[in-house]
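# What the coordinates show
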Amino acid sequence: MARVLHNLLLFLIRLALKIRVLGYWSLIYGYCGLCTVVALLKLWWNIVLRPTTTFQWVTRETPPACLNDTSLGTHCYVRIKESGLRFHYVAAGERGKPLMLFLHGFPEFWFSWRYQLREFKSEFRVVAIDMRGYGESDLPLSPESYRFDHLVTDVKDIVEYLGYNRCCLVGHDWGGTVAWLFAIHYPEMVTKLIVLNCAHPSVFADYALRHPSQLLKSSHFFFFQLPRFPELMLSINDFKALKALFTSRNTGIGRKGRWLTAEDLEAYLYALSQPGALTGALNYYRNVFSSLPLSPNHVRSPVLLLWGERDAFLEQEMAEACRLYIRNHFRLNIISGASHWLQQDQPDIVNTLIWTFLKEGEGRKSYRN
């Protein structure tokens, strides 16, 4: 009798797990379908309003002058032996000074850290990389190439190539996700972790599933699962959607801070209009659901989390919840009026808060190898 009950219990547990997995993927594909319908309606409306220009866009052939600004640093390249990929990065500050490594988000590239490269090069060897699939770094076309473990290994390989065994790691958006994961898996390589507008991965996954309002704000996660169609929607009307992302009142840079200049916007359009660039950027999303659920992992480095109060994509409640996963000093600063792109629209405040955090505890000398 006991054996029968035991087998029955195992059967019910397995059945419950299967139902849970089925429900999880049903939610994902159902929401993907809903987002597709909405996108098709938008496309149809664009064709009605602009029948001659909807499917016109221009690949920028020449980089704007701001991308060659020598005050930002030197353009360098490294080919990682293990992955075979070539990475582009911009570096400034004296070699041998402590390393501060910057990881950008979607749909950005190294240029999003221009204000920080100028600010911190006096005390650090500052390096802003183009992550795989972005800018002048190689663009693997397979979504499988953008698994979390590959992205984390990229950071490790680059740090070691630069001649360091640890760094102060700074990440925003998707770069923040990779920074969290790197600090979890390689705690000995992170002296301090600085994350901008990106919740701990476990916090984000749990919160989004429990709060429909965040799920709605994250609807692009589902739409981007589709092949090719998201690339088309981001390209029509000469990348109108990307322009709006960076400049609109609801989601753009500089609502209460520094505005994105026309030249800055062209820098983004230059990078994202290149062949394959949008696919590389979108492939980060196309692997995310197969990586869930994440096991709760703790961060053992000191953490500074900066959060734009008016982030259009992430709810502020997630920021405080990150404290549960940190086994060291944790500082959270909510920046009033700042958008999702806070290091660009509030650079002076962001830089000041970073300096304050860096001077706490061990002080700057602790960053040297």
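In what follows, the accompanying structure is described. The model shown is predicted, which means the values in this text are computed figures rather than measured ones.

## A few points about the environment of Asn 297
In this structure, Asn 297 sits in the loop between helix 10 (277-282) and strand 7 (303-308). The class of Asn 297 is partly exposed, set by a relative accessible area of 28%. In sequence terms Asn 297 and Pro 201 are 96 residues apart; their C-alpha atoms lie 9.2 Å from each other. The contact partners of Asn 297, leaving out residues within four places of it in the chain, are Ile 184, His 200, Ser 202 and Tyr 325.

## Comments concerning a nonpolar patch on the surface
A cluster of nonpolar side chains, Trp 44, Trp 45, Val 48 and Leu 49, forms an exposed patch at the surface whose accessible area comes to about 460 Å². The residue Trp 44 is located in helix 1 (residues 2-49) in this model. Judged by relative accessible area, which is 53%, Trp 44 ranks as exposed.

## Points about the packing of aromatic side chains
On inspection of all chains with the given rule, the structure shows 26 aromatic pairs. A ring pair is formed by Phe 222 and Phe 289, whose centres lie 5.1 Å apart and whose planes are at 35°; its orientation type is tilted. With Phe 222 in helix 7 (residues 219-223) and Phe 289 in the loop between helix 10 and strand 7, this residue pair connects regions lying 67 residues apart in the sequence. Phe 289 carries the same exposure label as Phe 222, and that label is buried.

## Observations regarding the nonpolar core
In this structure, Leu 169, Trp 180 and Leu 193 are the most contacted members of the largest nonpolar core, which totals 120 residues. Two domains each donate at least three residues to this core, and these are domain 1 (1-54) and domain 2 (65-209 + 286-359). Those residues within four positions of Trp 180 in sequence are excluded, and the remaining contacts are Leu 193, Val 195, Cys 198, Ala 199, His 200, Pro 201, Val 299, Val 303, Leu 305, Cys 322 and Ile 326.

## Section: unusual backbone geometry
Here the bond from Phe 106 into Pro 107 is cis, since omega is -10°, no more than 30 degrees from zero. In this fold, Pro 107 is placed in the loop between strand 3 (99-103) and helix 2 (114-120). Of note, Asn 197 is a non-glycine position whose phi angle comes to about 45°, a positive value. Not every positive phi belongs to a glycine, and Arg 228 is a case in point at roughly 70°. With respect to the secondary-structure elements, Arg 228 resides in the loop between helix 7 and helix 8 (229-247).

## A few points about the sheet that holds strand 4 (residues 125-129)
If you walk across this open sheet you meet the eight strands as 1-2-4-3-5-6-7-8, and the pairing is mixed. If you trace the sheet from one side to the other, it starts and ends with strand 1 (74-79) and strand 8 (330-335), each paired once. Geometrically, the sheet is characterised by an average inter-axis angle of 20° between neighbouring strands, direction not taken into account. Where strand 3 lies against strand 4, five bridges are found, and the strand directions are parallel. Residue pairing in the sheet places Leu 101 in a bridge with Val 127 of strand 4.

## Quick look at the packing of helix 8 against helix 9 (residues 262-272)
Two elements in contact, helix 8 and helix 9, have axes separated by 11 Å at closest approach and are oriented at 140°. Between helix 8 and helix 9, the angle is such that the two are oblique. Note that helix 8 runs across helix 9; the crossing there is right-handed. Contact with helix 8, carried on its side by Phe 239, Leu 242, Lys 243, Phe 246 and Thr 247, involves Leu 265, Tyr 268, Leu 269 and Leu 272 of helix 9 and no other residues of that element.

## Quick notes on the environment of Leu 215
Relative to the helices and strands, Leu 215 is located in helix 6 (residues 212-217). On the basis of relative accessible area, Leu 215 is assigned to the buried category, the value being 16%. Placed 98 residues apart in sequence, Leu 215 and Phe 313 show a C-alpha to C-alpha distance of 9.6 Å.

## Describing the pairing of strand 1
Across six bridges, the pairing between strand 1 and strand 2 (residues 86-92) is antiparallel. Within strand 2, the residue paired with His 75 across the bridge is Val 90.

## Thoughts on helix 5 (residues 201-210)
Within helix 5, seven of the 10 residues are buried, which leaves the element mostly enclosed by the surrounding structure. All of the buried residues in helix 5 are Pro 201, Ser 202, Val 203, Phe 204, Ala 205, Tyr 207 and Ala 208. In this fold, the buried residues of helix 5 make contact with helix 4 (174-185), helix 6, helix 7 and helix 11 (317-321).

## Describing the side chain of Ser 137
Positionally, Ser 137 belongs in the loop between strand 4 and helix 3 (148-161). From its side chain, Ser 137 meets the backbone nitrogen of His 88 in a polar contact 2.9 Å long. Those residues within four positions of Ser 137 in sequence are excluded, and the remaining contacts are Arg 86, Phe 87, His 88, Asp 130 and Met 131.

Conventions adopted
Residues numbered from 1 in each chain as written. Predicted model: local features only at pLDDT ≥ 70, side-chain atom pairs only at ≥ 80, totals over all residues. Heavy atoms only, no water. Helix = DSSP H or I, 4+ residues; strand = E, 2+ residues; numbered from the N terminus. Buried < 20%, exposed > 50% of the residue type's maximum accessible area, 1.4 Å probe, protein only. Contact = heavy atoms within 4.5 Å. Patch = residues over 30% accessible without salt bridge, like charges linked within 9 Å, V, L, I, M, F, W, Y side chains within 5 Å. Areas by Shrake-Rupley, 256 points an atom, 1.4 Å probe, with all protein chains shown as cover. Salt bridge = Lys/Arg side-chain N within 4 Å of Asp/Glu carboxyl O. Phe/Tyr/Trp six-rings, centres within 6.5 Å; stacked < 30°, edge-to-face > 60°. Core = buried A, V, L, I, M, F, W, Y, C linked by side-chain atoms within 4.5 Å. Domains from an automatic or database assignment. Pairing = 2+ DSSP bridges. Axes fitted to C-alpha atoms, helices over the stretch in contact; angles between N-to-C directions. Parallel < 35°, antiparallel > 145°, perpendicular 65-115°, else oblique. Left-handed = near helix turned anticlockwise from the far one by under 90°. Polar contact = N/O pair within 3.5 Å; in protein donor to acceptor, adjacent residues only side chain to side chain.

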